[in-house]
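# Coordinate inspection notes
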Amino acid sequence: MSDLNIKGHLSMASANIMWGLMSPAAKIAMSSTTIAPLIMVDMRVAGAAILFWISSLFFKHEHVPPKDLLLLAGAAMIGIVLNQGCFIVGISYTSPGEGSLITTTMPMWVMILAWIILHEPITAKKAGGIALGAIGAIILVVGSTSANATAKNPALGDLIVLAAQLSYALYLTLYRNFIKRYSLITLMKWMFLFATMAMVGITLPSLLDTQWGNVSQTEWTAAGYVVIFGTYFAYICVMTGQKILRPTIVGMYNYVQPVTAACMGIYLGMEQFTISKCIAIMLIFSGVYMVTTSKSAQTTKNGMADK
């Protein structure tokens, strides 16, 4: 299946649009501090686990041997617990703008790890595409960051968000071939179950102390978006894309998140459409196209790219 497969690209674009809307939703859900950052992660992984296990009732059962269950547990720790935990906690300390800026480094880490682990070449075209996308994303984020944005500890928050990007890049690279063994639902139900077990084991005292009656309707709605769209549907889309596209291309779609944030800001009247935003969006999608059409690790002598 070619890297130009429409299904893969639509899936990754959809996932990152939903993730782009998740940062403000998570901020709203945690606005009164009743829902602590790690409790938000609990709600996210447990809610998604329930949805994936219910969904599995409508699909053919797949047997997963113990060895592969251990691998799925490892994937859950890297791709869900560390990624989601670090992202939510980091966002609670830093501003949304700075958090979005840090997420633009993820494609670079994917490219480096894919080179080290998968021996995928770093071509001039691929590096140039990532650089174009990064420049466009930075223009969007810097132009969208409010001067009076508050943050409890920006430096700490930025480092934690960076850890989230590194863990996700490592997951994309290490598990690129493994995830092709099983269906999407089988992978997700086990990964989110293991992630839930790990998170609840860490946060059980905080879960018991949370005053759930103090959570407002607005906060419940925002948390519901994070669980249903920012996690359940987003992971369905990203796993679909990951099965089809190369890790570097999957990582490049991270740049869609600041585009989504900018467009939402314009729609809500919080930002204005400017020439710089237009140029930034063009740079981002030009970069995505360059990486998409670059050569993969297993380019054959007759010029056919890895599929």
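Each chain carries its own residue numbering, running from 1 in the direction its sequence is written. Local features in this predicted model are restricted to residues of pLDDT 70 or higher, and side-chain atom pairs are both shown and tallied only at a pLDDT of 80 or more, whereas totals for entire chains, interfaces and linings draw on every residue. Note: side-chain values were computed over all heavy atoms of the structure, leaving out hydrogens and water.

### Here we look at the overall build of the protein chain
Cut-off, in case you're wondering: Each helix corresponds to a stretch of at least 4 residues labelled H or I by DSSP, and each strand to a stretch of at least 2 residues labelled E; elements are numbered beginning at the N terminus. Partly exposed residues are those whose accessible area sits between 20% and 50% of the maximum for their type, while under 20% is buried and over 50% is exposed, using a 1.4 Å probe and protein chains only. Any pair of residues with heavy atoms lying within 4.5 Å of one another is described as a contacting pair. Exposure was quantified through the Shrake-Rupley algorithm and a 1.4 Å probe, taking into account, for residues, occlusion by the shown protein chains and nothing else.
When helices and strands are counted, the protein chain shows 13 helices and zero strands. Start at the N end of the protein chain and walk to the C end: the helices and strands fall as α-α-α-α-α-α-α-α-α-α-α-α-α. Counting all 307 residues of the protein chain, 50% fall into the buried class. For the protein chain, restricting intrachain contacts to residue pairs at least 6 apart in sequence, the fraction spanning at least 24 positions comes to 91%. Carbon and sulfur atoms form 71% of the exposed surface of the protein chain, whose accessible area is close to 14000 Å².

### Observations concerning the packing of aromatic side chains
Two aromatic rings are characterised by how far apart their centres lie and by the angle between their planes. Put simply, the test is: The pairing test for Phe, Tyr and Trp rings, Trp by its six-membered ring, is centres within 6.5 Å, and the orientation test on the planes gives stacked under 30 degrees, edge-to-face over 60, and tilted for anything in between. A positively charged side chain is recorded as over a ring if its NZ (Lys) or CZ (Arg) lies within 6 Å of the ring centre. The angle to the ring normal must also be within 35 degrees.
Tallied over the full model, the rule gives 15 aromatic pairs. Where Trp19 meets Tyr235, the ring centres are 5.8 Å apart and the plane angle is 75°; that geometry is what we call edge-to-face. With a gap of 216 residues between them, Trp19 in helix H1 (residues 6–20) and Tyr235 in helix H10 (residues 217–244) connect regions that are remote in the sequence. Owing to a relative accessible area of 8%, Trp19 belongs among the buried residues under this scheme. Its guanidinium or amino end placed over the ring of Trp53, Lys189 lies 4.5 Å from that ring's centre, counting from NZ or CZ.

### Some details on the packing of helix H2 (residues 22–29) against H10
For the record, the criterion: Only the stretch in contact is used when a helix axis is fitted, and all axes are lines through C-alpha atoms; the angle between N-to-C directions ranges over 0 to 180 degrees. Should the near helix be turned counterclockwise from the far one by less than a right angle, the crossing is left-handed, whereas a clockwise turn marks it as right-handed. Under this grouping Gly is polar, as are all residues other than the nonpolar Ala, Val, Leu, Ile, Met, Phe, Trp, Tyr, Cys and Pro and the charged Asp, Glu, Lys and Arg.
Where H2 meets H10, the closest approach of the two axes is 8 Å, and the angle between their N-to-C directions is 145°. The two elements H2 and H10 cross, and the hand of that crossing is left-handed. Every residue of H10 that contacts H2 at Met22, Ala25, Ala26, Ile28 and Ala29 is listed here: Thr218, Glu219, Ala222, Ala223, Tyr225, Val226 and Gly230. Per-class residue counts for the contact of H2 with H10 are nine nonpolar, two polar and one charged.

### Topic: unusual backbone geometry
Positive phi values are uncommon outside glycine, yet Thr33 reaches one of about 70°. For Thr33, a relative accessible area of 64% puts it in the exposed group.

### Comments concerning the environment of Gly47
Examined against the element boundaries, Gly47 turns out to sit in helix H3 (residues 37–56). Sequence-wise, Gly47 and Ile228 are 181 residues apart; in three dimensions their C-alpha atoms are separated by 7.8 Å. If sequence neighbours within four positions are ignored, Gly47 has contacts with Asp42 and Val227.

### Let's talk about the side chain of Thr186
Short version of the rule: The definition of a polar contact used here is a pair of N or O atoms within 3.5 Å, where within protein one atom must be able to donate a hydrogen and the other to accept one, and adjacent residues in sequence count solely through side-chain atom pairs.
Mapping Thr186 onto the fold places it in helix H9 (residues 184–209). Residue classification places Thr186 among the buried residues on the basis of a relative accessible area of 4%. For Thr186, the side chain forms a polar contact with the side chain of Glu62, separated by 2.6 Å. Excluding its chain neighbours within four sequence positions, the residues that come into contact with Thr186 are Glu62 and Val64.

### Side note on the confidence of the model for the protein chain
Inclusion rule: For every residue, the pLDDT score states the predictor's confidence, bounded by 0 at the bottom and 100 at the top.
The predicted model of the protein chain averages 80 in pLDDT, with 82% of residues at 70 or higher. Within the model, pLDDT remains below 50 along residues 297–307, and this stretch shows 13 contacts once partners closer than five positions in the same chain are excluded.

### Overview of the packing of H1 against H2
Remark: H1 packs on H2, axes separated minimally by 5 Å, with the N-to-C direction vectors making an angle of 35°. Mapping the contact onto sequence places Met18, Trp19 and Gly20 in H1 and Met22, Ser23 and Pro24 in H2. Taken together, the residues that form the contact of H1 with H2 break down as four nonpolar, two polar and no charged.

### Remarks on the nonpolar core
Condition: In this description, a nonpolar core means a group of buried Ala, Val, Leu, Ile, Met, Phe, Trp, Tyr and Cys residues linked to one another through side-chain atoms lying within 4.5 Å.
In terms of nonpolar packing, the biggest core is built from 81 residues, with Met40, Phe52, Tyr171, Met188 and Phe192 touching the most fellow members. For this core, the element with the highest residue contribution is helix H4 (residues 66–93), accounting for 13 residues. Apart from the residues lying within four places of it in its own chain, the contact partners of Met40 are Ala29, Met30, Ile35, Ile88, Ala223 and Val226.

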